[in-house]
Amino acid sequence: MNPLALLLRPVAGADLPALERIAAASAHGIGSLPSDRDKLSARIARSIEAFASQDVASGEETYLFVLEDREAGRVVGCSGIAASAGFRERFYSYRNEFVVHASAPLGVSQRMHTLHLCHDLTGYTLLTSFYIEPAYEQGLAPQLLSRARLLFIEQHIERFNDRIAAESPGLANEAGQSPFWDAVGRRFFNMDYPQAEALTGGRSKAYIADLMPHSPVYVALLPEDAQWAIGQLHPVGELPFAILQAEGFDADTYIDIFDGGPTVEASLAMLRSVRHARTLPLRAGAVTLGLPAWHLIATSGREDFRAVLAALPPAAQELSPGHEAAARLGLAEGARLRVTPVDPSAEQGGH
């Protein structure tokens, strides 16, 4: 896999067959792309409309990106953004808390782990729909696919929340059975996990949460396999979760009410890709000196947003229009690029 052949761009109508393939490859309850051609077509149409809209953002918008290998001539991954989690309804999670029960006469004190149903993350911007083909999991492709979204949000923050969240898939077996769902959700919503997940059309869970207890769930009362599943990842979630953790997302506070997988959240300004990002103008005669390091490079547009990988000196302050990255992005002199190092430790000083 050649990193210089990778291009992240907004989804287009012609990508429907690729998204059908991606949706079919996702495990039970893992992907947020529906395995239905008409629904996928509608998802693409909503994304195209969101990228193109000149109206003031409502928060209802969803954006879908695809990762294209231009040498292979095919789409190899996708990732998305929901502008506002729970736009039409509250966005539910379980919040990890600890309560202390004590008896002075008995000299006993117990610190108990509890789960509290909450909608703290309602209105947060939500990272969604991460999928990359297994052959591309090693190397820089997942970094581009996940992190370019943060530069897009940063450059168009008027359309998003400055608090970002992302759900990660929890433990489930090959049949889609989740020990956490079986111990908690199924008690109040008499369906198997795959049925409930499919019924909600992805990850919307407000009406399921309405049937679940709003009093704390004492973790010690759950079966051992359900206790162990809290905050644990399905294997397919390990790669995107690791990227988010490296960005600086907090993974200790919230879990998904379906499968108990970790839900991460953070302030956009505190994330590494944003903190280390800088703007480089394209200027004729620009000279870049120094040892190159891999960077993620994104354009500033919305409908024509593009992102690629390129090797640049960490101290570069401008680029020539003849630089190969500018050529791949189709940019001319006067354009401005948003650039962030793939490895933040390669960045010299603050910007």
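Residues numbered from 1 in each chain as written. Predicted model: local features only at pLDDT ≥ 70, side-chain atom pairs only at ≥ 80, totals over all residues. Heavy atoms only, no water.

(A) Expanded view of helix H3 (residues 141-155). Here H3 is 15 residues long and its end C-alpha atoms lie 22 Å apart, about the 21 Å a rise of 1.5 Å per residue gives. Along H3, the sharpest kink reaches roughly 30°, centred on Arg147. Across the 15 residues that make up H3, a large majority, 13, are buried. (Helix = DSSP H or I, 4+ residues; strand = E, 2+ residues; numbered from the N terminus. Expected span 1.5 Å × (residues − 1). Bend = angle between axes of the 7 residues up to and from the residue. Buried < 20%, exposed > 50% of the residue type's maximum accessible area, 1.4 Å probe, protein only.)

(B) Representation of the pattern of salt bridges within the structure. What the rule picks out here adds up to 13 salt bridges. The shortest N-O distance in the salt bridge between Asp120 and Arg95 comes to 2.8 Å. Here Asp120 is found in the loop between strand S5 (108-118) and strand S6 (125-132), whereas its partner Arg95 is found in strand S4 (residues 93-103), with 25 residues between them in sequence. Classification of Asp120 by relative accessible area gives partly exposed; the value is 33%. Linked through salt bridges whose partners overlap, the residues forming this network are Arg9, Asp15, Glu68 and Arg70. (Salt bridge = Lys/Arg side-chain N within 4 Å of Asp/Glu carboxyl O.)

(C) How the structure looks around the packing of aromatic side chains. Taken as a whole and assessed by the stated rule, the structure comprises 11 aromatic pairs. Taken together, a centroid distance of 5.0 Å and an interplanar angle of 75° make the contact between Phe152 and Phe305 edge-to-face. One end of the pair, Phe152, is in helix H3; the other, Phe305, is in the loop between strand S12 (293-298) and strand S13 (307-312), and 153 residues separate them in sequence. The same class applies to Phe152 as to Phe305, namely buried. The ring of Phe98 is capped by Arg111, whose NZ or CZ atom sits 4.1 Å from the centre of that ring. (Phe/Tyr/Trp six-rings, centres within 6.5 Å; stacked < 30°, edge-to-face > 60°. Lys NZ or Arg CZ within 6 Å of the ring centre and 35° of its normal.)

(D) Spotlight on the nonpolar core. Within the largest apolar cluster, 42 residues are counted, with the highest numbers of intra-cluster contacts made by Leu8, Leu67, Leu127 and Leu144. Ranked by the residues each element gives to this core, the list is headed by H3, at eight residues. When neighbours within four sequence positions are excluded, Leu8 is seen to be in contact with Phe65, Val66, Leu67, Ser79, Leu144, Leu145, Ala148, Phe305, Arg306 and Ala307. Of all hydrophobic cores here, the second largest spans 17 residues; its members include Val217, Val219, Ile255 and Ile257. (Core = buried A, V, L, I, M, F, W, Y, C linked by side-chain atoms within 4.5 Å. Contact = heavy atoms within 4.5 Å.)

(E) Looking closely at helix H9 (residues 238-247). Those residues of H9 not exposed but buried are Pro240, Phe241, Ile243, Leu244 and Glu247. Viewed end-on, H9 has its buried residues packed into an arc of 160°, placing them on one side of the element. Following H9 by one or two positions, Gly248 adopts a phi angle in the positive range, close to 115°. (Arc of directions from axis to C-beta.)

(F) Expanded view of the packing of H3 against H9. Look at H3 against H9: their axes get within 10 Å of each other, and the N-to-C directions meet at 50°. Taken together, the axes of H3 and H9 lie oblique to each other. When you trace H3 past H9, the crossing you get is right-handed. Listed contacts from H9 to Pro142, Gln143, Ser146, Arg147 and Leu150 of H3 are Leu239, Ile243, Leu244 and Glu247. Taken together, the residues of the contact of H3 with H9 sort by class into five nonpolar, two polar and two charged. (Axes fitted to C-alpha atoms, helices over the stretch in contact; angles between N-to-C directions. Parallel < 35°, antiparallel > 145°, perpendicular 65-115°, else oblique. Left-handed = near helix turned anticlockwise from the far one by under 90°. Nonpolar A, V, L, I, M, F, W, Y, C, P; charged D, E, K, R; others polar.)

(G) How the structure looks around the confidence of the model for the protein chain. A residue-level look at the protein chain finds 89% of positions with pLDDT of 70 or above and a mean pLDDT of 87. Per-residue pLDDT stays below 50 along residues 346-351; that stretch engages in 13 contacts with residues further than four places along the chain or on separate chains. (pLDDT = per-residue confidence, 0-100.)

(H) Examining unusual backbone geometry more closely. Positive phi, close to 60°, is recorded for Ser129, a residue that is not glycine. Locating Ser129 in the fold gives a position in strand S6.

(I) Spatial organisation of the environment of Ala18. Relative to the helices and strands, Ala18 is located in helix H1 (residues 16-25). When its relative accessible area of 12% is taken as the criterion, Ala18 is described as buried. Sequence separation between Ala18 and Val75 is 57 residues; the distance between their C-alpha atoms is 6.3 Å.

(J) Geometry of the environment of Arg163. Within the element layout of this structure, Arg163 appears in strand S7 (residues 163-167). With near-sequence residues (within four places) excluded, Arg163 lies in contact with Tyr124, Thr125, Glu265, Ala266 and Ser267. Of the polar contacts made by the side chain of Arg163, one reaches the side chain of Glu265; its length is 2.6 Å. (Polar contact = N/O pair within 3.5 Å; in protein donor to acceptor, adjacent residues only side chain to side chain.)

(K) How the structure looks around the pairing of S6. In terms of residue burial, S6 counts as a mostly covered element, since seven of its eight residues are buried. Sheet analysis places strand S3 (residues 74-82) next to S6, joined by five bridges and oriented antiparallel. Looking across to S6, one finds that Ile81 is bridged to Leu127. Bridging between S6 and S7 involves three bridges; their strand directions are parallel. Note on S7: the bridge partner recorded for Leu126 is Ala165. (Pairing = 2+ DSSP bridges.)

(L) The arrangement of the side chain of His323 in detail. Secondary-structure assignment places His323 in the loop between S13 and helix H11 (324-329). Classification of His323 as buried rests on a relative accessible area of 17%. Sequence-distant contacts of His323, defined by excluding residues within four places in its chain, comprise Ala311 and Leu312.

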